[in-house]
Amino acid sequence: APNARSAEILGMIKNDENWRELTEQKYFDLLEKVRSGEVRKVLVVGDYAVANQDLNDSFIEGVRAASCSVQITTRPVQAKEGADALLGTRAVARVVLPGRIVHERQGMMINKDRRLQRLQAILTAPEEVIADWKVLKMIAEKNGKSILPSEISTEREIWKIIQSKVGQFKDYSYAAIGDKGKQL
């Protein structure tokens, strides 16, 4: 629900009564494209981006058939193969990168109740574990794309860009959001 709320507010999904069904249908359509081998590059961010019940052998074969497959995960890589793997993409992705657990992350989030909240890291991530957004930025740049200006180096700087592009957030500085957050 938090990711869906953010996607809704950022205009990535429609805010109507059947948004869950529409979003779920897009997910199933993408699963089928991976299974059929139609998807040539696969990027899975997070441990539960693909539901365990959707990790069948044809999905795993589709990931294997892709020319590029990358997984960012907070969990140790499993040696298991096939649909019985805890997260099959970890067993078959060509590149597996460590991700930060929620207690190592910082930035902003919108919860399921449409409350904007700051995330404060309470644990220090291991040195080799780079923030997901930095990894995504590097992957984009290696593929000739730019998702953030090159000088961006902190979550706070990303938030300033979001404030400038999404009018609903223009008055919500880190200080204004405070420790308790703001209802949107």
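Check the entry above for the structure.
The structure displayed is predicted, hence computed values, not measured ones.

Conventions used here
- Residues numbered from 1 in each chain as written.
- Predicted model: local features only at pLDDT ≥ 70, side-chain atom pairs only at ≥ 80, totals over all residues.
- Heavy atoms only, no water.
- Helix = DSSP H or I, 4+ residues; strand = E, 2+ residues; numbered from the N terminus.
- Patch = residues over 30% accessible without salt bridge, like charges linked within 9 Å, V, L, I, M, F, W, Y side chains within 5 Å.
- Areas by Shrake-Rupley, 256 points an atom, 1.4 Å probe, with all protein chains shown as cover.
- Salt bridge = Lys/Arg side-chain N within 4 Å of Asp/Glu carboxyl O.
- Buried < 20%, exposed > 50% of the residue type's maximum accessible area, 1.4 Å probe, protein only.
- 1 Å grid on protein atoms, 1.4 Å probe; cavity = no way out; pocket = protein on both sides within 12 Å on 5 of 7 lines; lining within 4 Å.
- Points joined across faces, edges and corners; volume = space filled by probe spheres on them.
- Arc of directions from axis to C-beta.
- Pairing = 2+ DSSP bridges.
- Right-handed = clockwise from strand over helix to strand, strands pointing away.

Caption draft 1: Inspection of the environment of I110 at higher detail. Here I110 is to be found in strand β4 (residues 107–110). Separated by 63 residues in the primary sequence, I110 and S173 have C-alpha atoms spaced 14 Å apart.

Caption draft 2: Quick peek at a nonpolar patch on the surface. Residues I101, I122 and L123 make up a contiguous nonpolar surface patch of roughly 280 Å² in combined accessible area. Relative to the helices and strands, I101 is located in the loop between β3 (95–98) and β4. Residue I101 is classed as partly exposed on the basis of its relative accessible area of 33%.

Caption draft 3: Spatial organisation of the layout of surface pockets. Considered as a void within the structure, the second largest pocket measures approximately 200 Å³ in volume. Lining the second largest pocket, in full, are K41, V42, L43, C68, V70, I139, K142 and N143. Elements that contribute at least two residues to the lining of the second largest pocket include exactly β1 (41–45), β2 (68–73) and α5 (132–142). With three residues, β1 is the single largest residue contributor to the lining of the second largest pocket.

Caption draft 4: Examining helix α3 (residues 57–65) more closely. All of the buried residues in α3 are F59, I60, G62 and V63. Projected down its long axis, α3 carries its buried residues within an arc of 155 degrees, all on one side.

Caption draft 5: Spotlight on the pairing of β2. For β2, the tally of buried residues reaches five of six residues, placing the bulk of the element in the interior. Bridging between β1 and β2 involves five bridges; their strand directions are parallel. Paired with L43 across the strands is V70, a residue of β2. For the crossover from β1 across α3 to β2, the handedness is right-handed.

Caption draft 6: Spotlight on the pattern of salt bridges. Tallying each qualifying case throughout the model produces five salt bridges. In this structure, the salt-bridge partner of D113 is K112, at a minimum N-O distance of 3.3 Å. Given a relative accessible area of 46%, D113 falls into the partly exposed group.

Caption draft 7: Main features of the pairing of strand β5 (residues 115–119). Pairing geometry for β4 and β5, over four bridges, is antiparallel. Residue pairing across strands places M108 opposite R118, the latter belonging to β5. The loop that links β4 with its antiparallel partner β5 comprises four residues; one of these, R114, has a positive phi angle of about 65 degrees. Summarising the sheet, β5 and strand β6 (residues 182–183) pair through two bridges and their orientation is antiparallel. Bridging from a neighbouring strand, R115 pairs with Q183 of β6.

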